[in-house]
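# Fold and geometry: a report
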Amino acid sequence: MRRLLAITACVLVLPATTVYGQAKNPLVGAWKVTEIANPDRPPLTNPQAGLYLFTEKHYSAVRLNGTKPLPSYPSNDVATDADKVAVFNILYMNTGSYTVSGNNLTLSPMVAKSAFAMAPGRTLQYEFMVKGDVLTLTQKPTGPGLKFIRVE
């Protein structure tokens, strides 16, 4: 009977140790953009909407850059060319897979608003730090610094 209990305990503990012993990926979740710091410009500390989603292997990034809101029009059919250009210039969007090595994040876009951004082999490099519910990304070698708060 003791042997059966010991074997049962080992069978139950081993999977728990394997699953819970692995380091959890701190990026997984939904992150709201709270600051955009572009080089040579003051940081936007109250940016427009932006949301980044990370699963175990994939990400999706959408944000509105700048301080001006999107043009208001009832549909794409009635938007002027100027309205469409304004939206294109404000919108940042890409999605794909990613890898993490230490505090380095490599994004590999598969879909983006511009063809150059999703060219085969193109990657974006960031250093990241997660402290509580705050994520900081700094693009390398140069680029924007982004701050987020976890929303999920």
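For the rest of this paragraph, the subject is the side chain of Q48. Inspection of the secondary structure assignment puts Q48 in the loop between β1 (29-37) and β2 (50-54). There is a polar contact of 2.3 Å between the side chain of Q48 and the backbone oxygen of K68. With residues up to four places along the chain from it excluded, the contact list for Q48 reads L64, N65, G66, T67, K68, P69, L70 and I90.

Let us now look at the side chain of N25. With respect to the element layout, N25 can be found in the loop between α1 (2-21) and β1. Take N25: its relative accessible area is 14%, and that puts it in the buried class. A distance of 2.9 Å separates a polar side-chain atom of N25 from the backbone nitrogen of L27. For N25, the side chain forms a polar contact with the side chain of Y98, separated by 2.8 Å. In this view, N25 contacts T55, E56 and Y98; residues no more than four positions away in its chain are not counted.

A grouping of L51, L53, I149 and V151 is seen on the molecular surface, where their side chains present a nonpolar patch of about 310 Å² in accessible area. Mapped onto the fold, V151 is located in the segment after β8 (145-150).

The residue N94 is located in strand β4 (residues 91-101) in this model. Residues N94 and M110 lie 16 residues apart in sequence; the distance between their C-alpha atoms is 7.4 Å. With sequence-adjacent residues up to four places away left out, N94 is seen in contact with Y59, S60, A61, P109, V111, A112 and L124. Only 2.5 Å separates the side chain of N94 from the side chain of Y59, close enough to count as a polar contact.

The next thing to look at is the pattern of salt bridges. Per the counting criterion, the structure on display carries one salt bridge. With a closest N to O distance of 3.7 Å, R150 and D133 form a salt bridge. On the criterion of sequence distance, the pair formed by R150 in strand β8 and D133 in the loop between β6 (124-131) and β7 (134-140) is long-range, its members being 17 residues apart. According to the relative accessible area criterion, D133 is partly exposed, its value standing at 45%.

So, how was this worked out
Residues numbered from 1 in each chain as written. Predicted model: local features only at pLDDT ≥ 70, side-chain atom pairs only at ≥ 80, totals over all residues. Heavy atoms only, no water. Helix = DSSP H or I, 4+ residues; strand = E, 2+ residues; numbered from the N terminus. Polar contact = N/O pair within 3.5 Å; in protein donor to acceptor, adjacent residues only side chain to side chain. Contact = heavy atoms within 4.5 Å. Buried < 20%, exposed > 50% of the residue type's maximum accessible area, 1.4 Å probe, protein only. Patch = residues over 30% accessible without salt bridge, like charges linked within 9 Å, V, L, I, M, F, W, Y side chains within 5 Å. Areas by Shrake-Rupley, 256 points an atom, 1.4 Å probe, with all protein chains shown as cover. Salt bridge = Lys/Arg side-chain N within 4 Å of Asp/Glu carboxyl O.

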